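What follows is the residue order along each chain.
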Amino acid sequence: MEVIIQPDEKAAAEWAAQQIASAIEAKPNLVLGLATGNTPRKLYRRLVDMHRNQGLDFSAVTTFNLDEYLGLGPDHPGSYRYFMRENLFDHININPKLCYIPNGLTDDVLQECETFESRIEGSGGIDIQILGIGPNGHIGFNEPGSSLGSRTRFKALTEDTRLANAEMFGGQENVPRFVITVGVGTIQEARRIILLAFGEQKAEIVRQAVEGPITCEVTASALQWHRSTVFLLDEAAASKLKRRDYYKYAYEHKWKYLQK
Ligand code: GLP
């Protein structure tokens, strides 16, 4: 686990975009795990720029999104399929057939979850997983109490998560109660993980995820066990880390010993 602290959100988005661009150049059929929410918006904007101005080629890339609300179709503005089209897919040359998001309108949730897992496996597994973190420490929609070995499945949202997502739906009462989410165990199988967190309001939960115990109360803490995770933070989100100066020092100096 590495903690990388960038001066601001823009610099962090640039860092993550560069990682993805180099990975696509090295492996054009890269398998990307994608997240929704406000946090990755700048990263997606930067990837769109790289496609437009530098010819970054997504034509062979496969993507898997973490989650979807049950009951919402792709044309509902609150659905994650809609979000991904608006923020990324419609602006790059990706093959829509290779963009997998759980189907929120499925009438067979168990089958949908099983199919999603086997598609990830069939793709050869996720090369880079992008994550945000919910105010209660969730990754995907793995709410507190989720098994750290969980797979793609049905999940009920907590009220604090419904509140956090209320704006998109014009009020907490309109936020769907049930979702399909990939599991913590599914996420752990990604080869590399980049978790983005920005702003002071994420500082306390980032502290718990990075420096607290591994616990299902904060599902992001499971990443402490992952072999190649970066917590990519701005100064504000890093502000409560007790080893903040150490992380900065280690990152600044590692280039003397490792190739950039
Ligand atoms: C939702 C998503 C998560 C996301 C989280 C944080 O709950 N399911 O994948 O990380 O929101 O959202 P934001 O980035 O808007 O803070």
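Residues numbered from 1 in each chain as written. Predicted model: local features only at pLDDT ≥ 70, side-chain atom pairs only at ≥ 80, totals over all residues. Heavy atoms only, no water.

Turning next to the overall build of the protein. Assigned secondary structure in the protein consists of nine helices and ten strands. Computed over the C-alpha atoms, the radius of gyration of the protein is 17 Å, within 12% of the 18 Å expected from 2.2 N^0.38 for a compact globule of 260 residues. Taken along the three principal axes of its C-alpha coordinates, the protein extends 55 × 40 × 35 Å. Taking contacts inside the protein between residues at least 6 apart in sequence as the whole, the part at least 24 apart equals 78%. Summed over its atoms, the accessible surface of the protein is roughly 12100 Å², and 49% of this surface lies on carbon and sulfur atoms. Both charge centroids of the protein, one from 29 positive and one from 33 negative side chains, sit 5 Å from each other. (Helix = DSSP H or I, 4+ residues; strand = E, 2+ residues; numbered from the N terminus. Rg over C-alpha atoms; globule rule 2.2 N^0.38 Å. Contact = heavy atoms within 4.5 Å. Areas by Shrake-Rupley, 256 points an atom, 1.4 Å probe, with all protein chains shown as cover. Lys, Arg positive; Asp, Glu negative; His and termini not counted. Charge placed at Lys NZ, Arg CZ, Asp CG, Glu CD.)

Sizing a probe to match a water molecule and rolling it over the atoms shows the empty space that remains. Per the stated rule, a full pass over the model turns up one cavity of 30 Å³ or more. The calculated volume of the largest cavity comes to roughly 50 Å³. Looking at the lining of the largest cavity, the elements with two or more residues in it are strand E3 (62–65) and helix H7 (184–188). (1 Å grid on protein atoms, 1.4 Å probe; cavity = no way out; pocket = protein on both sides within 12 Å on 5 of 7 lines; lining within 4 Å. Points joined across faces, edges and corners; volume = space filled by probe spheres on them.)

With that settled, consider the site of the ligand. Surveying the vicinity of the ligand reveals 13 residues, the closest of which are Asn38, Thr39, Asp67, His138 and Lys202. Between the ligand and the protein, one listed contact pairs an oxygen atom with a backbone N or O atom of Ile133 at 3.4 Å. Within the contact set of the ligand, an oxygen atom lies 2.7 Å away from a side-chain nitrogen or oxygen of His138. Protein contact buries 90% of the 400 Å² of open area that the ligand shows by itself. A majority-of-atoms criterion places the ligand in the largest pocket. For the shell around the ligand, the per-class residue count stands at three nonpolar, eight polar and two charged. (Near = heavy atom within 4 Å. Polar contact = N/O pair within 3.5 Å; in protein donor to acceptor, adjacent residues only side chain to side chain. Sits in = over half its atoms within 2 Å of the grid points. Nonpolar A, V, L, I, M, F, W, Y, C, P; charged D, E, K, R; others polar.)

You can see Gly33 is positioned in strand E2 (residues 31–34). For the pair Gly33 and Thr215, spaced 182 residues apart in the sequence, the C-alpha separation amounts to 23 Å. Those residues in contact with Gly33 that sit more than four places away from it in its chain are Phe64, Ile126, Ile128, Gln129 and Ile130.

The next thing to look at is the side chain of Arg162. Relative to the assigned elements, Arg162 resides in helix H5 (residues 159–164). The class of Arg162 is buried, set by a relative accessible area of 2%. Of note is the side chain of Arg162, whose polar atom sits 3.0 Å from the side chain of Glu159. Discounting residues that sit within four places of it in the chain, Arg162 has contacts with Leu157, Gln172, Glu173, Val175, Pro176 and Arg177. (Buried < 20%, exposed > 50% of the residue type's maximum accessible area, 1.4 Å probe, protein only.)

For the rest of this paragraph, the subject is helix H3 (residues 80–87). Taken together, the buried positions of H3 are occupied by Tyr80, Phe83, Met84 and Asn87. What you see down the axis of H3 is that its buried residues fit within an arc of 95 degrees, all on one side. Contact partners of the buried residues in H3: E2, helix H2 (41–54), E3 and strand E4 (67–69). (Arc of directions from axis to C-beta.)

In terms of burial, strand E1 (residues 2–6) is a largely internal element, four of the five residues being buried. Relative to strand E10 (residues 229–234), E1 is paired through five bridges, and the arrangement is parallel. For Ile5, the partnering residue across the bridge sits in E10 and is Leu233. (Pairing = 2+ DSSP bridges.)

Another aspect to go through is the state of the cysteines. Throughout the structure, instances matching the rule amount to zero disulfides. Cys113 forms no disulfide, and the closest cysteine sulfur to it belongs to Cys99, at a distance of 19 Å. With a relative accessible area of 5%, Cys113 lands in the buried category. Here Cys216 stays free of any disulfide, with the sulfur of Cys113 as its closest cysteine sulfur at 20 Å. (Disulfide = S-S within 2.5 Å.)

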